Amino acid sequence: MKTFYSLLYVNLNVTLDEKVCIGLIMTDGEMFFYKFSAQKLNLISPLLSVEKRQFIKQYLKSLEQDIQANEKKTTKFLPDSSYVKQWAKEEYLTYLSNYANNIISFSAPKTIALANTLENFKALFNKYVHTYEEDNVKSRKKEVTPFKIQDQVYRHLYPQIETRVNTNITLNSSNFETILVPVSLDFIGSNERPVLGQTLDFTKSIQHIQHDITSYLSLTISVEEKEQKKGKYFVIGQEPSIEEKKAHAFWKNLRTSPFIDYIELDELEKIAIYMEDHNVQPYFD
């Protein structure tokens, strides 16, 4: 069987044909490999608008979930299912190359004189896309410490919203009369209503998680008592390991809470978009 591959591009300027390769698909019609470089996407993010970044991340995430929905945990290639195997067909990749949108595009599939193996896929990925990063979800979860998750918010969200909110602020009774003890907050702003945001670390014990969210919700009550109106309250977090049963159950409940807007760490653009769309301004002068 012949091996062929298709490159996945982010189009920076369609008119000038400016694009950056961020992913790779390789297949022999049966076994299939797919990967995109999150690191390279982060590198080009400053060149993209907030809306484009949000679209690309959602597209890549849905694409990965789509074609790897039935992926076995013990392998990097897709199982033998009628729907998923269409991605291993040259005809389908040709179709994608012809009918891509203006932001994400696929190259026409090209044949290559290599066996369709994971090692060859890695070599091709290193050549055309970026340095191959091993997928290890378990170890990646363990690496997310309170400092690192907060650091991600500082580096990726603050530059987009710092002119619209007060960031990294501690509030006390001089700000809101009913605050009993000082409360640290990631950001606060206002438009037609107060807008607050706080990072929640799900690697802590369940008691600490509950304490942190209770403190935040108590703060929102103090804000509403002063403003006499409902606010917009963001909570930023990252899904905990499913092995941490109590933390994971708490995370699931928080995502559907009617009182806050829960934002995953890789969806920070949603907050930036809200700030821009609603012309949020700093709460304090």
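So, how was this worked out
- Residues numbered from 1 in each chain as written.
- Predicted model: local features only at pLDDT ≥ 70, side-chain atom pairs only at ≥ 80, totals over all residues.
- Heavy atoms only, no water.
- Helix = DSSP H or I, 4+ residues; strand = E, 2+ residues; numbered from the N terminus.
- Buried < 20%, exposed > 50% of the residue type's maximum accessible area, 1.4 Å probe, protein only.
- Contact = heavy atoms within 4.5 Å.
- Areas by Shrake-Rupley, 256 points an atom, 1.4 Å probe, with all protein chains shown as cover.
- Pairing = 2+ DSSP bridges.
- Right-handed = clockwise from strand over helix to strand, strands pointing away.
- pLDDT = per-residue confidence, 0-100.
- Phe/Tyr/Trp six-rings, centres within 6.5 Å; stacked < 30°, edge-to-face > 60°.
- Lys NZ or Arg CZ within 6 Å of the ring centre and 35° of its normal.

**Overview of the overall build of the protein**
Piece 1. Regarding its fold elements, the protein presents 10 helices and 11 strands.
Piece 2. Here the protein holds 285 residues, and 45% of them are scored as buried.
Piece 3. The long-range share in the protein, meaning contacts at least 24 apart out of those at least 6 apart in sequence, stands at 66%.
Piece 4. By element, 51% of the accessible surface of the protein is carried by carbon and sulfur atoms, the whole surface being about 15,700 Å².

**Considering the pairing of strand S3 (residues 32–36)**
Within a regular strand, side chains alternate between the sheet's two faces.
Piece 1. Most of S3 sits out of view: five of its five residues are buried.
Piece 2. Joining the antiparallel neighbours strand S2 (residues 18–27) and S3 is a turn of four residues, in which Gly-29 adopts a positive phi near 95 degrees.

**Let's talk about the environment of His-156**
Piece 1. One can find His-156 in helix H6 (residues 146–156).
Piece 2. According to the relative accessible area criterion, His-156 is partly exposed, its value standing at 30%.
Piece 3. Sequence separation of His-156 and Glu-269 is 113 residues, and the distance between their C-alpha atoms is 8.8 Å.

**What to know about the pairing of strand S9 (residues 232–237)**
Piece 1. Most of S9 sits inside the fold, with six of its six residues counted as buried.
Piece 2. In S9, alternate side chains face the same way, and those of Lys-232, Phe-234 and Ile-236 on one face and Tyr-233, Val-235 and Gly-237 on the other are all buried.
Piece 3. Direction of pairing for strand S8 (residues 194–199) relative to S9: parallel, over a ladder of five bridges. From the neighbouring strand, Leu-196 faces S9, where its bridge partner is Tyr-233.
Piece 4. Read as a crossover between parallel neighbours, the route from S8 over helix H8 (residues 206–227) to S9 is right-handed.

**Some thoughts on the confidence of the model for the protein**
Piece 1. In the predicted model, the protein carries a mean pLDDT of 82, and the fraction of residues at 70 or more is 84%.
Piece 2. The low-confidence segment residues 70–84 (pLDDT under 50) makes 22 contacts with residues lying over four places distant or belonging to another chain.
Piece 3. Across residues 136–147, where pLDDT falls below 50, the model places eight contacts with residues more than four positions away in sequence or in other chains.

**What to know about the packing of aromatic side chains**
Piece 1. In total, this model carries 12 aromatic pairs according to the counting rule given.
Piece 2. Ring centres of Phe-33 and Phe-121 lie 5.4 Å apart, and the angle between their planes is 25 degrees; this geometry places the pair in the stacked category. A residue pair is termed long-range when its members are at least 10 positions apart, and Phe-33 in strand S3 and Phe-121 in helix H4 (residues 118–128) qualify at 88 residues. As far as burial versus exposure is concerned, Phe-33 and Phe-121 are alike and both buried.
Piece 3. Each member of the aromatic cluster is reached from another via a ring pair, and the members are Phe-33, Phe-121, Phe-125 and Tyr-132.
Piece 4. A cation over a ring is seen here: Lys-19 above Tyr-9, with NZ or CZ 4.5 Å from the ring centre.

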